[in-house]
Each structure stands twice: as C-alpha cells, then as structure tokens.
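Architecture at a glance
The primary structure of each chain is shown beneath.
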Amino acid sequence: MFTALGHATDRTVSDAAAAYFFPTPSAAAAALVARAEAVATARQAEAARKQHQVEVARLQEHNRHRMLVAAVVIAALVVLVVLLVAIGGH
C-alpha cells in the first residue's frame, strides 16, 4: 500500500500502515515511475540474457557439428593413407 496524502506535516495512521509513504502525490508518482522503469529495465536485461544464452547454445551446437565433421574427415584421410600405403607396399 502506498500513501501520499499531500503536503502533510505529520504522519498519518495510513502512512504507518503503508509499505511506502510519500510526502506528496508528486513524490509518490516519481517513485512509482522510477520503480516501473527499473522493472522494465530488469525485464529487458533478463530477455537479453536469455537471448544470449540461446545464441551461445546455438554456436556451441554448431561447433560440435563442425568438430564431428572434422573428425570424420580426418578418419577418412587416415583410412585413405593406410590403403595407399598398403597398395604401394605390394
């Protein structure tokens, strides 16, 4: 609960019960806007972090695929060299 009764010099019972109390409605509005902006910024940061994680996972998968292809090519070259040596040795 928020209170902002406006230009009061004393704290009211509602101020004491409120989670947040402000001396004026303008101060309450400024605080609420700042809070909303902070929430929006945090949500944007979280969305950017999640997007980064997705991109990192995609790149890691791409690299795993490239490593697998490289391993298959190397294995094929080794087999080819062994066959060439075997043929040349006869």
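Residues numbered from 1 in each chain as written. Predicted model: local features only at pLDDT ≥ 70, side-chain atom pairs only at ≥ 80, totals over all residues. Heavy atoms only, no water.

**What about the overall build of the chain?**
Summing up its helical and strand segments, the chain has 2 helices and 2 strands in all. Secondary structure elements of the chain, listed N to C terminal, follow the sequence β-α-β-α. Within the span of the chain, comprising 90 residues, buried residues form 7% of the whole. As displayed, the chain has an accessible area near 7,400 Å², and 69% of this comes from carbon and sulfur atoms. (Helix = DSSP H or I, 4+ residues; strand = E, 2+ residues; numbered from the N terminus. Buried < 20%, exposed > 50% of the residue type's maximum accessible area, 1.4 Å probe, protein only. Areas by Shrake-Rupley, 256 points an atom, 1.4 Å probe, with all protein chains shown as cover.)

**With respect to the confidence of the model for the chain**
Scored by pLDDT, the chain has a mean of 86; 77% of the residues are at 70 or more. When mean pLDDT is compared element by element in the chain, helix α2 (residues 25–88) scores highest at 95, while helix α1 (residues 13–17) scores lowest at 57. (pLDDT = per-residue confidence, 0-100.)

**Thoughts on a nonpolar patch on the surface**
A grouping of V69, V73, L77, L80 and L84 is seen on the molecular surface, where their side chains present a nonpolar patch of about 440 Å² in accessible area. Considering the arrangement of structural elements, one finds L84 in helix α2. For L84, a relative accessible area of 54% corresponds to the exposed category. (Patch = residues over 30% accessible without salt bridge, like charges linked within 9 Å, V, L, I, M, F, W, Y side chains within 5 Å. Salt bridge = Lys/Arg side-chain N within 4 Å of Asp/Glu carboxyl O.)

**Things to note about the pattern of salt bridges**
Evaluation of the coordinates by the stated rule reveals 3 salt bridges. A salt bridge links R58 to E55; the nearest nitrogen and oxygen atoms lie 2.7 Å apart. Of this pair, R58 and E55 are both found in helix α2, 3 residues apart, which corresponds to roughly one turn of the helix. Given a relative accessible area of 45%, R58 falls into the partly exposed group.

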